[in-house]
Amino acid sequence: MAGFQLASSADAVFPLALGFLAGITVLMGLLFMLAFRGRLSETKVAFLQAVAGGVLAYLAMETGHSAAEYVEELAKWETAGEFLIATVVTTAAMMATLAVLSYVEQNISTLRGLRPSFLVATIIAVAFGVHNVGEGFAIAAALMGGYVAQAYLFAIGFAVHNFTEGFGIAGPVIADRGLKPRLSTLTLLSLLAGLPVVLGVAVYYAGVNSGLFISTLNTSATASIVYAMLHVNLSAMGRLGGVKSLRFWSAIVTGVAVAFLTESIILFSGVH
């Protein structure tokens, strides 16, 4: 792979600017959802919440596949030792992530004024942030390989896709009528989810791009997304009529379809 040299400070800022473009749209997606919060009935709010749950479901499948792909490629006799290490590390990462999240939630009663719905939104934002570090890796890898046009396509594709991640963060917020978060707080959550794209660009340029590291990040992101997704979907399911509700499953499929369609932009740009 050809090297990509940063000849000036302007050149150094350019990769970070692409990462910022890709990540800031999480905030736009969240604000889009909040704009309709006061105009919707409880049923419509629950439907939108389930749509957000569908987005989470798709992202869980995507990050889970990315994490497993690296480990599965090591399932050969000549790399059996690496396979065993990767399996242990990623399994431990998943268990540790779920243990930390459950511990925090079990002890939330000790944090005055922190509503469970806000905790779920925060967990989702953190999960997206971990996931989006990998997007920064993709942009940086394209630039370092000399594929500037492809890096542009990646940034645009990630930006469109990350718009839907704002739906996932907004889901618990719009469902909780008693929650009145400040715009500054929601902006902070969105930046927590989106700006790690910039971090991923910087880390990749620094040379930290181990396959095991990326797989472990994806494993932790998957565990976090699944944990938050259960909260979002169980709440929406109860409001829409239970597991037999066609409205609930229609919303889930809508969310999956929205996430897949935006992801398709990235696939057509050359990420496989």
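Anything mentioned here points back to the structure above.
Criteria and cut-off values
Residues numbered from 1 in each chain as written. Predicted model: local features only at pLDDT ≥ 70, side-chain atom pairs only at ≥ 80, totals over all residues. Heavy atoms only, no water. Helix = DSSP H or I, 4+ residues; strand = E, 2+ residues; numbered from the N terminus. Buried < 20%, exposed > 50% of the residue type's maximum accessible area, 1.4 Å probe, protein only. Contact = heavy atoms within 4.5 Å. Areas by Shrake-Rupley, 256 points an atom, 1.4 Å probe, with all protein chains shown as cover. Core = buried A, V, L, I, M, F, W, Y, C linked by side-chain atoms within 4.5 Å. Phe/Tyr/Trp six-rings, centres within 6.5 Å; stacked < 30°, edge-to-face > 60°. Axes fitted to C-alpha atoms, helices over the stretch in contact; angles between N-to-C directions. Parallel < 35°, antiparallel > 145°, perpendicular 65-115°, else oblique. Left-handed = near helix turned anticlockwise from the far one by under 90°. Nonpolar A, V, L, I, M, F, W, Y, C, P; charged D, E, K, R; others polar. Patch = residues over 30% accessible without salt bridge, like charges linked within 9 Å, V, L, I, M, F, W, Y side chains within 5 Å. Salt bridge = Lys/Arg side-chain N within 4 Å of Asp/Glu carboxyl O.

Caption draft 1: Region of interest: the overall build of the chain. The number of helices and strands found in the chain is 9 helices and 0 strands. Along its sequence from the N terminus, the chain presents helices and strands in the succession α-α-α-α-α-α-α-α-α. A principal-axis box enclosing the C-alpha atoms of the chain has dimensions of 55 × 45 × 40 Å. Taking all 272 residues of the chain together, 47% fall into the buried category. Within the chain, contacts between residues at least 6 apart in sequence are counted, and of these 86% link residues at least 24 apart. About 13000 Å² of surface is accessible on the chain, with carbon and sulfur atoms providing 71% of the total.

Caption draft 2: Layout of the nonpolar core. Core analysis: the largest hydrophobic core is formed by 39 residues, its most contacted members being Leu 56, Ile 124, Phe 128, Ile 169 and Ile 225. Contributing elements (two or more residues each) for this core: α1 (9–34), α2 (42–73), α4 (116–144), α5 (148–175), α6 (183–194) and α8 (211–240). Ranked by residues supplied to this core, first place goes to α4 with 9 residues. With sequence-adjacent residues up to four places away left out, Ile 124 is seen in contact with Leu 56, Gly 168, Ile 169, Pro 172, Ala 228 and Val 232. Of all hydrophobic cores here, the second largest spans 16 residues; its members include Ala 142, Phe 154, Ala 155 and Val 197.

Caption draft 3: Up close: the packing of aromatic side chains. Throughout the structure, instances matching the rule amount to 9 aromatic pairs. Their ring planes at 65° and their centres at 5.6 Å tell us that Phe 14 and Tyr 152 sit as a pair that is edge-to-face. Of the two residues, Phe 14 is situated in helix α1 and Tyr 152 in helix α5; the sequence distance between them amounts to 138 residues. Judged by relative accessible area, which is 40%, Tyr 152 ranks as partly exposed. Geometrically, the ring pair formed by Phe 137 and Tyr 204 is tilted, given 5.7 Å between the ring centres and 50° between the ring planes.

Caption draft 4: Molecular detail of the packing of α4 against helix α7 (residues 196–205). Contact geometry of α4 with α7 gives a least axis separation of 6 Å together with a crossing angle of 50°. Judged by the inter-axis angle, α4 sits oblique to α7. For the pair α4 and α7, the sense of crossing is right-handed. Listed contacts from α7 to Gly 129, Asn 132, Val 133, Glu 135, Gly 136, Phe 137, Ile 139, Ala 140, Ala 141, Leu 143 and Met 144 of α4 are Pro 196, Val 197, Leu 199, Gly 200, Val 201, Val 203, Tyr 204 and Tyr 205. Among the residues forming the contact of α4 with α7, the class breakdown is 14 nonpolar, 4 polar and 1 charged.

Caption draft 5: View of the side chain of Ser 220. Mapped onto the elements of the fold, Ser 220 is located in helix α8. On the accessibility criterion, Ser 220 (18% relative accessible area) is buried. Beyond its immediate chain neighbours, meaning those up to four positions away, Ser 220 contacts Ala 93 and Thr 97.

Caption draft 6: Structural detail: a nonpolar patch on the surface. Where nonpolar side chains cluster on the molecular surface, the patch consists of Leu 21, Ile 156, Val 160 and Ile 265 and spans about 290 Å² of accessible area. Summarising the element assignment, Leu 21 is placed in helix α1.

Caption draft 7: How the structure looks around the environment of Val 55. Mapped onto the secondary structure, Val 55 falls in helix α2. Along the backbone, Val 55 and Gly 178 are 123 residues apart, and their C-alpha atoms lie at a distance of 24 Å. Not counting the four nearest positions on each side in its chain, Val 55 is found in contact with Thr 164, Gly 255, Val 256 and Ala 259.

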